[in-house]
Structures are given as C-alpha cells and as structure tokens.
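Residues per chain, in single letters:
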Amino acid sequence: IKISQKFWFWYWRKLMNGFAPSDSQGNYKRPKGITLNSNYDINKENISIYLLVGKSCPWCHRTLLVYQIKNLFQQIKVIFLKPDIEHGEWVFDKKLKGCNRLSEFYKKIHNNNLFRATLPLLISFENDEINLLSNESSQIIELLNAIKKESIPQSNNIKNCNPEILDLIHHQINDGVYKCGFARNQGSYERASRSLFSSLKNIESQLNHNKNGWICGEELTYADIYLFPTLIRWELVYSKLFKCTEKDILDFKNIIEWRLKFFEFPYVNETCFENEWKEDYYKALFPLNPNQIIPVLPSLKEIVNIDA
C-alpha cells in the first residue's frame, strides 16, 4: 500500500504540474498572458474582430459579460471552442483559418513560446492578416469596453474603479480558488484558504459600507465583472472540487445579495452555462476528481434564488 501511495503521489504531482504550475512552496502560480500595446485603437476601420472563448472558463466569462452587457453583437464575432478533455486542449467546431485546434491556431500566428494555448483570445483580421490582440482577460475587457457604439444605455456603461480592489479580487479571489484547489500541500492550501476568505470578508465589508448595490458604489465597474464569474460558480464547483470550505458562502449576506442582483442584470444569465461548467471541471481536472463523477447539484437558478 505504501509503495502504491508513493507512486500515486508522484504521478499526481506530475499531472498537477501539467494542469497548474506552482512555486517551490507548492503555491499555484497562474502563467502570464500576452498583452497588447495600450495605445492600440480598437475602433479603427476596416478590421474584423473575433473573441474566442470557452463556455466553462471563468476568464472567458469576464469577456462575455462585457460583450453581452455592452451589446457588442454587431462589432464582435464570438467563436465558442469546446474542451477536448482527453487531450487537454480547446478545439474548434469549424476550422478557423485551416486550424482544428487552438494550439494549431497559436502556432499559425507565431506564438510558440507559451506555456499552453489559452482562452480567451481576442484577434483581428486586417488586410487578410491575423493579429493577436490579447489573451489576457483583464486587458480584453478593457478593449471591449472601449468600443464606441451608439445608443448604449447609460446603465450598461462599465466604469473603472480603484485598482487595489481589482488587484484584491483578481489575485486573492479569482486566483484564490485555484490556489486552494491546486495547492500541492497542506501548508499552501491553508495559506490560500485564509487569503481567499479574508478577501471575501473585505468585499463583504465594502458592499456593506457603500449600500448602493455594486462593489464600488452606485454603478457597475470592472470589480463586479471580475468577481461574478468566481462567485456564480461557487456552489457548483469551487466549494466542492476546490475545497473552498473554510466558511459557508451564505454567511456573506451582502455578497449573496449582490450576486443575485448581477445575475438578474440584463443578458447576464445568457453568459452562464452550468452544464458545461460541471462537465468540464469535474471531468477535465482529473487530478482533483480521478473518478470523474459529477455530483448531483441544484440548478444554478435554484442556488442563486435560494441564497437570496
């Protein structure tokens, strides 16, 4: 038994290194993406812009939220890719520029030095040339939000906010659930859990202080866009599969109210694909769920409304 345990632990670490890199202390580290020169003009004429996303990816979810809320259907073409769980990569329903797989597409646009071919991906076609604009979700949502479009309702404008709040949400909550799930040892897991729930407590206090419904006041900001993809997956995925269990999410009353408000915001529910979330997380992340059993769970609407 001891020999089997040692072999399994060694093999588990090899698998985890493929899914999620870590530092020398066993803490998960998200690879950096490709970002674009900040002076790029997203509104210049004679270009076709495409947003490549996967339905299960929370970083893609950020970009879809901006796309839907800003009603960018005429300006942006969205292409959904599907996960190839067996090979651990994204594939196209229909070939794009002769490519079946995202990894092939990255090679075609001469980006071979990446840890992996990731989504979301914002590209443009200009003079029949493919340009990779960004595969970093934080920059993509800013690019999408900068698109000029007539007749956007004032309520659908997404405002900027305190960068410290964005940094907290991005590194301690968005990445934080992954730091819990992909921790290599007990110490790294407990550090990640403490940081995650401390940050949630911070957001809970922020919502309690401003009393205006959104994280940074009366208007929708990037902070809301950052936080929603993580919090809407919480009960279905993160609390169970990633062991985010230090405190019940229902104890964060203000966050739960905020989540329901956001879920009921126009077009937001169209960005939520609960079946794909469960299928991909519980089957694709083999080191976290070797038997690939998907737990029986309430529907997303039941979860959101029950929590309210």
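Calculation notes
- Residues numbered from 1 in each chain as written.
- Predicted model: local features only at pLDDT ≥ 70, side-chain atom pairs only at ≥ 80, totals over all residues.
- Heavy atoms only, no water.
- Helix = DSSP H or I, 4+ residues; strand = E, 2+ residues; numbered from the N terminus.
- Contact = heavy atoms within 4.5 Å.
- Areas by Shrake-Rupley, 256 points an atom, 1.4 Å probe, with all protein chains shown as cover.
- Phe/Tyr/Trp six-rings, centres within 6.5 Å; stacked < 30°, edge-to-face > 60°.
- Buried < 20%, exposed > 50% of the residue type's maximum accessible area, 1.4 Å probe, protein only.
- Axes fitted to C-alpha atoms, helices over the stretch in contact; angles between N-to-C directions.
- Parallel < 35°, antiparallel > 145°, perpendicular 65-115°, else oblique.
- Left-handed = near helix turned anticlockwise from the far one by under 90°.
- Nonpolar A, V, L, I, M, F, W, Y, C, P; charged D, E, K, R; others polar.
- pLDDT = per-residue confidence, 0-100.
- Pairing = 2+ DSSP bridges.
- Right-handed = clockwise from strand over helix to strand, strands pointing away.

Here we come to the overall build of the protein. From N to C terminus, the protein includes 11 helices and 6 strands. Restricting to contacts in the protein with at least 6 residues of sequence separation, those with at least 24 account for 73%. Roughly 15,700 Å² of accessible area belongs to the protein as shown, and the carbon and sulfur atoms make up 48% of that amount.

This paragraph deals with the packing of aromatic side chains. Tallied over the full model, the rule gives 17 aromatic pairs. With a centroid separation of 5.0 Å and 75° between ring planes, the pair formed by tyrosine 178 and phenylalanine 242 is classed as edge-to-face. Residue tyrosine 178 is found in helix 5 (residues 163-181), and its partner phenylalanine 242 is found in the loop between helix 8 (234-241) and helix 9 (253-263); the two are separated by 64 residues along the sequence. Note on phenylalanine 242: relative accessible area 0%, which makes it buried.

Here we come to the packing of helix 4 (residues 137-145) against helix 7 (residues 222-232). Running from amino to carboxyl end, helix 4 crosses helix 7 at an angle of 130°, the nearest separation of the two axes being 12 Å. Relative to helix 7, the element helix 4 lies oblique. Crossing hand, helix 4 versus helix 7: right-handed. Contacts from Ser138, Ile141, Glu142 and Asn145 in helix 4 reach Tyr222, Ile225 and Tyr226 in helix 7. For the contact of helix 4 with helix 7, the per-class residue count stands at 4 nonpolar, 2 polar and 1 charged.

Looking at the protein as a whole, the pLDDT averages 86, with 82% of positions reaching at least 70. Predicted confidence in the protein is weakest over helix 1 (residues 2-19), with a mean pLDDT of 55, and strongest over helix 7, with 98.

Sheet topology places strand 1 (residues 48-54) next to strand 2 (residues 76-84); 6 bridges connect them, and they run parallel. What sits directly across from leucine 52, in strand 2, is isoleucine 79. In the classification by handedness, the crossover that spans strand 1, the intervening helix 2 (residues 58-69) and the parallel strand 2 is right-handed. In this sheet, strand 3 (residues 89-96) lies alongside strand 2 in antiparallel orientation, the contact comprising 4 bridges. Each residue of the ladder has a partner; that of lysine 82, found in strand 3, is valine 91. Between the antiparallel neighbours strand 2 and strand 3 lie 4 residues, among them glycine 88 with a positive phi of about 65°.

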